[in-house]
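Below, each chain spelled out in residue letters.
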Amino acid sequence: MAVDCGSSVRFEDTDALGSYKGSEWGERLFCTVCGSSLVWQMQDGTGQGVSMNAFDDPAQFTLKNQWFIDKKPDNYALVNETRCLTEAECIAMFAPDKA
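Parameters and conventions
- Residues numbered from 1 in each chain as written.
- Predicted model: local features only at pLDDT ≥ 70, side-chain atom pairs only at ≥ 80, totals over all residues.
- Heavy atoms only, no water.
- Salt bridge = Lys/Arg side-chain N within 4 Å of Asp/Glu carboxyl O.
- Helix = DSSP H or I, 4+ residues; strand = E, 2+ residues; numbered from the N terminus.
- Buried < 20%, exposed > 50% of the residue type's maximum accessible area, 1.4 Å probe, protein only.
- Contact = heavy atoms within 4.5 Å.

Novice: Describe the pattern of salt bridges, listing the residues and the values that go with them.
Specialist: According to the stated counting rule, one finds two salt bridges in the structure shown. A salt bridge links K71 to E87; the nearest nitrogen and oxygen atoms lie 3.3 Å apart. Residue K71 is located in the loop between β6 (65-66) and β7 (83-84), and its partner E87 is located in helix α1 (residues 87-94); the two are separated by 16 residues in the primary sequence. Classification of K71 as exposed rests on a relative accessible area of 54%. What makes E87 partly exposed here is its relative accessible area of 28%.

Novice: Summarise the environment of G6; cite the residues concerned and give the values.
Specialist: Position of G6 among the secondary structure elements: in strand β1 (residues 2-6). Judged by its relative accessible area of 34%, G6 falls in the partly exposed class. Spatially, the C-alpha atoms of G6 and N53 are 18 Å apart, while their sequence positions differ by 47 residues. With residues up to four places along the chain from it excluded, the contact list for G6 reads T46, G47 and Q48.

What follows is the structure, given as structure tokens:
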């Protein structure tokens with residue numbers, strides 16, 4: 001679960017910041033000390049989503065979207081209504097040339 005931050009995320013200290021390129025367009029930024037996932041972003045630094053657990057009060061946010069809904073486990077369900085996007089819809093949004 002992540003909070004949309006556009007392209008506003010900046011780190012004061014990047015010594016313990018790692019990056020994993022999970023696709024041709026996206027990457028995850030994580031703590032190399034504890035392994036916590038911090039940010040998902042486009043490889044150009046835009047479209048940043050910060051992990052809700054990086055905030056002191058993650059309950060302040062409302063979950064609005066579910067990504068890759070067609071890939072979710074059958075035993076996984078959220079109570080609140082959300083916008084549900086399939087894998088094809090997500091790829092079309094983030095990598096239009098791959099759709």
